[in-house]
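This is what each chain is made of:
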Amino acid sequence: MALPCSFMVALVVLSCHSLGSLGCDLPQDHSLLNWRALMLLRQMRRLSASSCDNYTNDFGFPQEVFDGKALQKAQAISVVHVTNQKTFHLFCTEASPAPWNMTLLEELCSGLSEQLGRLEACPLQEAGVEETPLVNRDSILRNYFQRIPLYLQEKQYSPCAWEMVRAEIMKPLYASTVLHKRLRSRK
């Protein structure tokens, strides 16, 4: 999907604006931005679940990856980063005729881009994280997100397939929000 040039410029400006302020902490407003993304995804709903009964699919959401009790801070930031990155790629760069309201989609993409800009400013390797658990969690999460475009392709990017994906993506975004809340309460 092609986004207007002015919108792309705004995304770059938003990303650059927030790069210097993060360090290695998730920003205070991360949860608010995720709640906003969840609200936008709810508003983007175009079809009822019953009209897409034959499209149901279990994408195998890896809830264990988001277990905040077992995660170090840098691991949690990595999980949140992968979640936002893959969600952004799916909704904001996937070249397909998604049935979304463009205003809501642009707002979702803008918020995800802002979060990514902040998260990319955090140098994970300097945070002292053991490489293997981080790579394993990232790999599990990336495998989950790889199944989604394959499903869309298999279903020929139909409106019902996109509706299933829209509903599915709410799981990792919600889990990311809960993970952030747990990390903030540890301080």
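Residues numbered from 1 in each chain as written. Predicted model: local features only at pLDDT ≥ 70, side-chain atom pairs only at ≥ 80, totals over all residues. Heavy atoms only, no water.

The name an unreviewed UniProt entry gives the protein is Interferon alpha 11, with Neovison vison as the organism. UniProt lists a comment for the protein under the heading Sequence similarities (unreviewed entry), and it reads "Belongs to the alpha/beta interferon family." (UniProt positions renumbered as here; feature names shortened; annotations may be inferred.)

(A) Main features of the packing of aromatic side chains. As enumerated under the stated definition, the model contains eight aromatic pairs in all. The interplanar angle of 40° and the centroid separation of 6.0 Å between the aromatic rings of Phe91 and Trp100 together place this pair among those described as tilted. Both residues of the pair, Phe91 and Trp100, count as buried. On the numbers, 5.9 Å between centres and 55° between planes, the contact of Phe91 with Trp162 is tilted. With Phe91 in helix α3 (residues 73-93) and Trp162 in helix α6 (residues 159-186), this pair connects stretches of sequence that are 71 residues apart. One exposure class covers both Phe91 and Trp162, and it is buried. Chaining the aromatic ring pairs together yields one cluster made of Phe61, Phe66, Tyr144 and Phe145. (Phe/Tyr/Trp six-rings, centres within 6.5 Å; stacked < 30°, edge-to-face > 60°. Buried < 20%, exposed > 50% of the residue type's maximum accessible area, 1.4 Å probe, protein only. Helix = DSSP H or I, 4+ residues; strand = E, 2+ residues; numbered from the N terminus.)

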